[in-house]
Amino acid sequence: MDTTTSTSSEQIIEQFQQYVIPNYGRYPVALVRGEGPFVWDAEGNRYLDFFPGWGCNLLGHCPPAVVEAVQDQVAKLIHVPNTWYTEAQGLWAKALSERSFGGQAFFCNSGTEANEAAIKLARLHTPAKQYKIITFSGGFHGRTLGSTTATAQPKYHEGLGPLMAGFAYAPFGDLAAVEALIDDETAAIMVEPIQGEGGVVIPPADFLPGLRKLADDHGLLLIFDEVQTGCGRTGEWFAYQYFNVQPDVITLAKSVCGGIAGAAMLTTAEIAPSLRPGMHAATFGGNPVAARAGIATLETIDRENLLERAKELSRIFQERLGQLAGESDIVEEVRVAGLMIGLQLSVEGGPIVKACMERRLLINCTQGTVLRLLPPMILSDEQAIEGCDLLADVIKNHNHAE
Ligand SMILES: *Cc1c(COP(=O)(O)O)cnc(C)c1O
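About the criteria used
- Residues numbered from 1 in each chain as written.
- Predicted model: local features only at pLDDT ≥ 70, side-chain atom pairs only at ≥ 80, totals over all residues.
- Heavy atoms only, no water.
- Pairing = 2+ DSSP bridges.
- Helix = DSSP H or I, 4+ residues; strand = E, 2+ residues; numbered from the N terminus.
- Salt bridge = Lys/Arg side-chain N within 4 Å of Asp/Glu carboxyl O.
- Axes fitted to C-alpha atoms, helices over the stretch in contact; angles between N-to-C directions.
- Parallel < 35°, antiparallel > 145°, perpendicular 65-115°, else oblique.
- Left-handed = near helix turned anticlockwise from the far one by under 90°.
- Contact = heavy atoms within 4.5 Å.
- Nonpolar A, V, L, I, M, F, W, Y, C, P; charged D, E, K, R; others polar.
- Near = heavy atom within 4 Å.
- Polar contact = N/O pair within 3.5 Å; in protein donor to acceptor, adjacent residues only side chain to side chain.
- Areas by Shrake-Rupley, 256 points an atom, 1.4 Å probe, with all protein chains shown as cover.
- Expected span 1.5 Å × (residues − 1).
- Buried < 20%, exposed > 50% of the residue type's maximum accessible area, 1.4 Å probe, protein only.
- Core = buried A, V, L, I, M, F, W, Y, C linked by side-chain atoms within 4.5 Å.
- Domains from an automatic or database assignment.

Participant: Describe the pairing of strand S6 (residues 167-170), listing the residues and the values that go with them.
Facilitator: When strand S5 (residues 132-136) meets S6, the two strands line up parallel, connected through four bridges. Across the sheet, Ile133 pairs through a bridge with Phe167, a residue of S6.

Participant: I'd like a rundown of the pattern of salt bridges, residues and numbers included.
Facilitator: Tallying each qualifying case throughout the model produces 22 salt bridges. With its nearest N and O atoms 3.9 Å apart, the salt bridge here joins Glu304 to Arg303. The closest approach of N and O atoms between Arg309 and Glu312, which form a salt bridge, is 2.7 Å. You can see Arg309 and its partner Glu312 sitting in helix H10 (residues 306-327), three residues apart, about one turn around the helix. Among the charged side chains, a salt-bridge network with shared partners connects Asp72, Lys76 and Arg292.

Participant: Requested: an account of the packing of helix H2 (residues 64-74) against helix H9 (residues 288-303), with residues and values cited.
Facilitator: Running from N to C, H2 and H9 cross one another at 155°; their axes reach a closest spacing of 8 Å. In terms of their interaxial angle, H2 and H9 are classed as roughly antiparallel. Helix-helix and strand crossings are classified by hand; for H2 and H9 the assignment is right-handed. Here Ala65, Val66, Ala69, Val70, Asp72, Gln73 and Val74 of H2 come into contact with H9, specifically with Pro288, Val289, Arg292, Ala293, Ala296, Thr297, Thr300 and Arg303. Broken down by class, the residue content of the contact of H2 with H9 amounts to nine nonpolar, three polar and three charged.

Participant: Help me get a handle on the site of the ligand, residues and values and all.
Facilitator: Taken together, Ser110, Gly111, Thr112, Asn115, Phe140, His141, Gly142, Glu192, Asp225, Val227, Gln228 and Lys254 are the residues near the ligand. One of the backbone nitrogen or oxygen atoms of Thr112 is found 2.8 Å away from an oxygen atom of the ligand. Taking Lys254, its side chain carries an N or O atom lying 2.6 Å from an oxygen atom of the ligand. Here the ligand, which alone exposes 390 Å², has 82% of that area covered by the protein.

Participant: I'd like to hear about helix H3 (residues 87-99), residue by residue, with values.
Facilitator: Compared with the 18 Å implied by 1.5 Å per residue over 13 residues, the 19 Å span of H3 between its first and last C-alpha is a close match. If you check which residues of H3 are buried, you get Ala88, Trp92, Ala95, Leu96, Ser97 and Arg99. Buried residues along H3 sit in contact with strand S4 (104-108), helix H8 (239-243), strand S9 (249-252), strand S10 (263-267) and H9.

Participant: Can you break down the pairing of strand S11 (residues 331-337) residue by residue, with the values?
Facilitator: The buried count for S11 comes to five of seven residues, which makes it a mostly enclosed element. Taken together, the six bridges between S11 and strand S12 (residues 340-345) define a ladder with antiparallel strand orientation. By the bridge assignment, Val331 is partnered in S12 with Leu345. Where S11 folds back onto S12 in an antiparallel hairpin, the turn is made up of two residues, including Gly338, whose phi is positive at roughly 60°.

Participant: Quick one: what's the story with the nonpolar core, residue by residue and with numbers?
Facilitator: Ranked by internal contacts, the top residues of the largest apolar core, which has 85 residues, are Trp92, Phe136, Phe317, Leu321, Leu343 and Leu391. Both domain 2 (65-303) and domain 3 (306-402) contribute no fewer than three residues apiece to this core. Discounting residues that sit within four places of it in the chain, Leu343 has contacts with Leu321, Leu324, Val331, Glu333, Val334, Thr369, Val370, Leu371, Leu391 and Ile395. In terms of nonpolar packing, the next biggest core, distinct from the first, is built from 23 residues, Ala150, Ile223, Val249 and Leu275 among them.

Remember, this is a structural readout, not a statement about activity or role.
Following this line, the structure appears as structure tokens:
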């Protein structure tokens, strides 16, 4: 296929109507190329992307170091099963371990798979009668049935029952409710340190330390789902460092390979052996292409000092969007943690996403009324300001039209 295609969006969409299962809501636009903070559609329009790859493209589109590593690797060795050793997988595990709590990695291909691995690990690590996992309302952990059950929101369960046994849900931020749910069959607490799909919800300061204490007091594993918050999104390598609370397990996907499919579960060297040989596997997990992309992603963040850059950019968003909250009566609250940004609106966000798209700015809306931005770390100040000003203009005009 030629990517400099002259095929129109309309022609591309036609194939979907006939051949692709329509389980996604899609914008009526086909994208053909990306570079840094920009993507182009089939008609040649350029968009400034503040939601690149649903959070996967934290380094922007087609980061050069990732492109180069993948191009080099695909010509050497694309895939071998995990019955063999490859240098790239070992180096990737080392690179993740050195930036987190010094543990070991299991590799897979998506966030939901990383969470399934964590669910199995929790059940295997704790005594046989402990199998229950406490998760949180408003959370999101993925679409396989275990992770769907871990996801408390009823809208994700409709028509799928019976779900997996052994999950209990507490309100996010409510330590007393968690404590009340713990019994002698509980194995783990699994939580997003900041809820992403749930609307960029930042927990109260005592919540994550309180979960750590409850887990310690009751012999439970504390699992942080860092699929969205990990790998520099908060301006720290991992959100557990942002909150200074160390979990026993973290799960990573989305941005971990700079836009290539890849995922990992990290745990301590003490807990890791509980995932015994033969108990879990992923055929493509940790394959050389994903591993090289993963290493290139981490090295790029170091080399270009992008954790610091994420913090600087965060301050720009905080300042610009905070100001907007003061000026607009439909923006109720602005929540910012590094480059994870939510604007709580008093109205539906869908029309604002659409109006931004018409002005060539891509953002997202979650939970109906929360505008979500997951901008890349590689924005210039000017690009960050340009996007914020455009969003502000759209919101203010929307405001006046109401
Ligand atoms: C996106 C997401 C997942 C699911 O990841 P997939 O790669 O789509 O399976 C799980 N947990 C969180 C917190 C996420 O944001």
